[in-house]
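# Topology and contacts: notes
Okay, here's what each chain looks like letter by letter:
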Amino acid sequence: MHKVYAVYGASGCGRSLMPVAKMTVMRTDSTADLVFIDDGLDQPATVNGYLAMNYQDFIALGGEKAVLIAIANSKVRETITNKLTADGIALWSVQADTTLIMDAVIVGNGAALSPFVTIGANVRIGKCFHANLYSYVEHDCVIGDYVTFAPRVSCNGNIHIHDHAYIGAGAVIKQGTPDQPLIIGKGAVVGMGAVVTKSVPAGAVVVGNPARPMMR
Ligand code: UDP
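## Re the overall build of the chain
Regarding its fold elements, the chain presents three helices and 25 strands. Over its C-alpha trace the chain gives a radius of gyration of 17 Å, about what one expects of a compact globule, namely 17 Å for 216 residues. Across its three principal axes, the chain shows a C-alpha extent of roughly 50 × 40 × 30 Å. Buried residues in the chain amount to 48% of all 216 residues. Long-range pairs, those at least 24 residues apart, make up 30% of the contacts in the chain between residues at least 6 apart in sequence. When the accessible surface of the chain is totalled, it reaches about 10200 Å², and 53% of it is carbon and sulfur.

Here you go:
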């Protein structure tokens, strides 16, 4: 059956990831169609040269479908994942030609690995991970579902990052040890440029060098 791949979201995140999606299609299945889905569209349109349509119109298309959710908000990614699953549509992972993945790495479905991302050896990553430009994940890290890295995140070895955490641009996270990994808790937010030297509790927002809970 004819294959149709889609990038869900045609705003900043989606438009940045479409070229990565295109690279992926060219490497793996160059005859497939590639479109945007965006629910902000009442009717089909063209975005950066690609056909774009809302989810209802996408569902109405024929063919075998797979979707990359290219929306930075991790809760939205989870909601859309559940919708796709209910509709029997597969999550699609994309990676740039310059992405480097080392040995014994497991990456869940729906990943977006942008240009110059590196994933070190023996790393495990859950579903719908976003690693933006120049980010790296070093050896033995364990990353949950719906985790988001802005550009140039330095995630060193033996770090565990739980579901829905968000790591801001240029943040540096100190390595843990096999016995005592550094932990970024569920839903935690690490601010842009933060230097994280110790574990961050679930739901906390930390900023600065060394990173501390943000005063509200
Ligand atoms: N969007 C959508 N369906 C949803 C939620 C969001 O199509 O259920 C679209 C929304 O219309 C927008 C994009 O996803 O075009 C999100 O864009 P935004 O600028 O908020 O974030 P980013 O591109 O940085 O993730």
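What follows continues from the structure just given.
## Quick notes on the site of the ligand
As a structural note, the neighbourhood of the ligand is formed by Y8, G9, S11, G12, C13, D38, D39, G40, I71, A72, V76 and I80. D38 is positioned with one of its side-chain polar atoms (N or O) 2.5 Å from an oxygen atom of the ligand. With respect to the ligand, the backbone of A72 contributes an N or O atom lying 2.7 Å from an oxygen atom. Burial of the ligand by the protein amounts to 60% of the accessible area it has alone, namely 550 Å². Of all elements in the fold, only α1 (12-28) and α3 (74-86) reach the threshold of two or more residues within the shell around the ligand. Along the lines of polarity and charge, the residues of the shell around the ligand split into six nonpolar, four polar and two charged.

## Details of unusual backbone geometry
Going from N209 to P210, the amide bond is cis rather than trans, its omega being -5°. Within the secondary structure, P210 is located in the loop between β24 (205-207) and β25 (212-213). Unlike most non-glycine residues, A104 shows phi in positive territory, near 55°. A relative accessible area of 54% places A104 in the exposed class. Unusually for a residue other than glycine, C128 sits at a positive phi of about 55°. Among the secondary structure elements, C128 is positioned in the loop between β12 (124-125) and β13 (130-131).

Cut-offs and rules
- Residues numbered from 1 in each chain as written.
- Predicted model: local features only at pLDDT ≥ 70, side-chain atom pairs only at ≥ 80, totals over all residues.
- Heavy atoms only, no water.
- Helix = DSSP H or I, 4+ residues; strand = E, 2+ residues; numbered from the N terminus.
- Rg over C-alpha atoms; globule rule 2.2 N^0.38 Å.
- Buried < 20%, exposed > 50% of the residue type's maximum accessible area, 1.4 Å probe, protein only.
- Contact = heavy atoms within 4.5 Å.
- Areas by Shrake-Rupley, 256 points an atom, 1.4 Å probe, with all protein chains shown as cover.
- Near = heavy atom within 4 Å.
- Polar contact = N/O pair within 3.5 Å; in protein donor to acceptor, adjacent residues only side chain to side chain.
- Nonpolar A, V, L, I, M, F, W, Y, C, P; charged D, E, K, R; others polar.

Coordinates in, geometry out; function isn't part of it.
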